[in-house]
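What the coordinates show
Next come the chains, spelled out residue by residue.
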Amino acid sequence: MRIWVNGELREAEQAEVNVLDHGLTVGDGVFETVKALDGRAFALRRHLDRLERSAAGLGLPAPKRETVELACAEALAANPMPLGRLRITYTGGIAPLGSDRGDAEPTLVVAVSPAPVRAGAAAVVTVPWTRNERGALTGLKTTSYGENVVALARAHAQGASEAIFANTKGELCEGTGSNVFVVVGGKVLTPPLASGCLAGITRELVLEWTGAEEAELPYEVLRTADEVFLTGTLRDVQGVSRVDDREIAGAPGPVTAGVAEVFARRAAEDLEP
Ligand code: PMP
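Under the annotation held in an unreviewed UniProt entry, the protein chain carries the name Aminotransferase class IV and is attributed to Streptacidiphilus monticola. Its UniProt record gives the protein chain a comment under Sequence similarities (unreviewed entry), which states: "Belongs to the class-IV pyridoxal-phosphate-dependent aminotransferase family."

In structure tokens, the structure reads:
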């Protein structure tokens, strides 16, 4: 694997950033995970738009679009594979210890590795921790993923593959690396961005390409919804077969299967050259 680091492609063992990088010392960074099919990045423009929004939200200097595009193209060309996970990381750079990054030059890293295959429906768990829908980082894809690491570990400890958060108002929010949808009375619903969830690109495409709608939903809808599914870059549309001790028979259900089918068809048409 060769990794693009600040303008150079390096073998993974030599792909280094400084130990004083603000991304490492205080989690001052933003990132994107992009799906790459045979070296072609899916929905790259939307991902770069979100990277720029996240960087602006964190007060990082705006990443140069041409530089990030070039880095992605070079990293993809250097690491050919059928299904890749393109990871863009953009951090505060070498800065003094402490929260102020000063005028440090940002660090840009782009890596490509084989994408994990997520087959079949997912078991999920609820968690006692909440997403803060009014936090300084809400909606930004920053590298401060500790909460997600902890919640995902809890899911794994309970034999599940994803954990779903409520927000501080007790509303349904999102997973540790996914957005969540429910099917209620034939309607396909997902929490609005005001719930504190990430503006997931797969979520956005499902809203654009299907009749799914945004709605404020109680966390408990996970116990009563006819169907539940997750969306995310590396899972596309994935049915949920269990929520805690609730089994959802026949997952993915017919509505989820319909959404997944539309998504797969439209995504194949939209794949950027
Ligand atoms: N929420 C969180 C917290 C995530 O990390 C992700 C994965 N990027 C998502 C939602 C889904 O977003 P996307 O469809 O852009 O992968």
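1. As for the overall build of the protein chain
A tally of regular secondary structure across the protein chain gives 7 helices and 15 strands. Over its C-alpha trace the protein chain gives a radius of gyration of 19 Å, about what one expects of a compact globule, namely 19 Å for 273 residues. Taking the principal axes of the C-alpha coordinates as reference, the protein chain spans close to 50 × 40 × 30 Å. Relative to its 273 residues, the protein chain shows a buried fraction of 49%. Across the protein chain, the fraction of contacts at a sequence separation of at least 24, relative to all contacts at a separation of at least 6, is 69%.

2. Section: the sheet that holds strand 4 (residues 40–41)
Spatial ordering of the open sheet is given by 2-1-6-5-3-4, a layout of 6 strands whose pairing is antiparallel. Of all strands in the sheet, those bounded by a partner on one side alone are strand 2 (8–11) and strand 4. As paired elements, strand 1 (residues 2–5) and strand 6 (residues 107–114) share 2 bridges and run antiparallel to each other. Paired with Trp4 across the bridge in strand 6 is Val110. Helix 3 (residues 65–78) rests against strand 1, strand 2, strand 3 (29–37), strand 4, strand 5 (83–91) and strand 6 of the sheet, and its axis sits at about 30° to strand 6.

3. Let's talk about the packing of helix 2 (residues 44–58) against helix 5 (residues 201–209)
Relative to each other, helix 2 and helix 5 sit at 125°, their axes nearing to 10 Å. The orientation of helix 2 relative to helix 5 falls into the category oblique. In the packing of helix 2 onto helix 5, the handedness of the crossing is right-handed. Along the contact surface, helix 2 presents Arg46, His47 and Arg50, while helix 5 presents Ile201, Glu204, Leu205 and Glu208. Considered class by class, the residues forming the contact of helix 2 with helix 5 number 2 nonpolar, 1 polar and 4 charged.

4. Focus on helix 7 (residues 254–270)
Under the 1.5 Å per step criterion, the end-to-end length of helix 7 is 24 Å for 17 residues, consistent within 8% with the ideal 24 Å. The set of residues buried in helix 7 consists of Thr256, Val259, Val262, Phe263 and Ala267. The arc enclosing the buried residues of helix 7, seen along the axis, measures out at 130°, which places them on a common side. Opposite its buried face, helix 7 presents the exposed residues Pro254, Ala268 and Glu269, each directed more than 90 degrees away.

5. Quick notes on the side chain of Thr231
Tracing the sequence through the fold places Thr231 in strand 13 (residues 227–232). With relative accessibility at 1%, the residue Thr231 sits in the buried group. Excluding its chain neighbours within four sequence positions, the residues that come into contact with Thr231 are Ser178, Asn179, Phe181, Thr202, Arg203, Val206, Asp236 and Val237.

6. Structural notes on the pairing of strand 8 (residues 162–167)
Among the 6 residues that make up strand 8, 6 are buried, leaving the element largely enclosed by the rest of the structure. Here strand 8 shows two buried faces, one formed by Glu162, Ile164 and Ala166 and the other by Ala163, Phe165 and Asn167. For the crossover from strand 7 (residues 122–131) across helix 4 (residues 146–157) to strand 8, the handedness is right-handed. Taken together, the 3 bridges between strand 8 and strand 9 (residues 172–175) define a ladder with antiparallel strand orientation. Note that in strand 9 the partner of Ile164 across the bridge is Gly175. If you look at the hairpin formed by strand 8 and strand 9, you'll find 4 residues sitting between the two strands, and Gly170 has a positive phi there, around 80°.

7. Re the layout of surface pockets
Roughly 1,100 Å³ of volume is contained in the largest pocket. Considering the residues around the largest pocket, the lining is formed by 45 residues, among which Lys141, Tyr145, Asn148, Thr176 and Gly177 are closest to the centre. Of all the secondary structure elements, the ones that give two or more residues to the lining of the largest pocket are strand 3, strand 5, strand 7, helix 4, strand 9, helix 5 and strand 13. The greatest single-element share of the lining of the largest pocket, amounting to 6 residues, is contributed by helix 4. Tallied by class, residues from the lining of the largest pocket come to 10 nonpolar, 24 polar and 11 charged. Of the voids in this model, the second largest pocket is the one considered here, and its volume is about 220 Å³. Around the second largest pocket, the lining comprises 13 residues; the ones closest to its centre are Lys64, Thr67, Tyr90, Glu105 and Pro106.

8. Describing empty space enclosed by the protein
Applying the stated criterion to the full structure yields 1 cavity of 30 Å³ or more. Reported here for the largest cavity is a volume of approximately 60 Å³. Together, Lys35, Phe42, Ala43, His47, Ile201, Thr202, Leu205, Thr233, Asp236 and Phe263 line the largest cavity. Tallying contributions element by element places helix 5 first for the lining of the largest cavity, with 3 residues. Counted by class, the lining of the largest cavity contains 5 nonpolar, 3 polar and 2 charged residues.

So, how was this worked out
Residues numbered from 1 in each chain as written. Predicted model: local features only at pLDDT ≥ 70, side-chain atom pairs only at ≥ 80, totals over all residues. Heavy atoms only, no water. UniProt positions renumbered as here; feature names shortened; annotations may be inferred. Helix = DSSP H or I, 4+ residues; strand = E, 2+ residues; numbered from the N terminus. Rg over C-alpha atoms; globule rule 2.2 N^0.38 Å. Buried < 20%, exposed > 50% of the residue type's maximum accessible area, 1.4 Å probe, protein only. Contact = heavy atoms within 4.5 Å. Pairing = 2+ DSSP bridges. Axes fitted to C-alpha atoms, helices over the stretch in contact; angles between N-to-C directions. Parallel < 35°, antiparallel > 145°, perpendicular 65-115°, else oblique. Left-handed = near helix turned anticlockwise from the far one by under 90°. Nonpolar A, V, L, I, M, F, W, Y, C, P; charged D, E, K, R; others polar. Expected span 1.5 Å × (residues − 1). Arc of directions from axis to C-beta. Right-handed = clockwise from strand over helix to strand, strands pointing away. 1 Å grid on protein atoms, 1.4 Å probe; cavity = no way out; pocket = protein on both sides within 12 Å on 5 of 7 lines; lining within 4 Å. Points joined across faces, edges and corners; volume = space filled by probe spheres on them.

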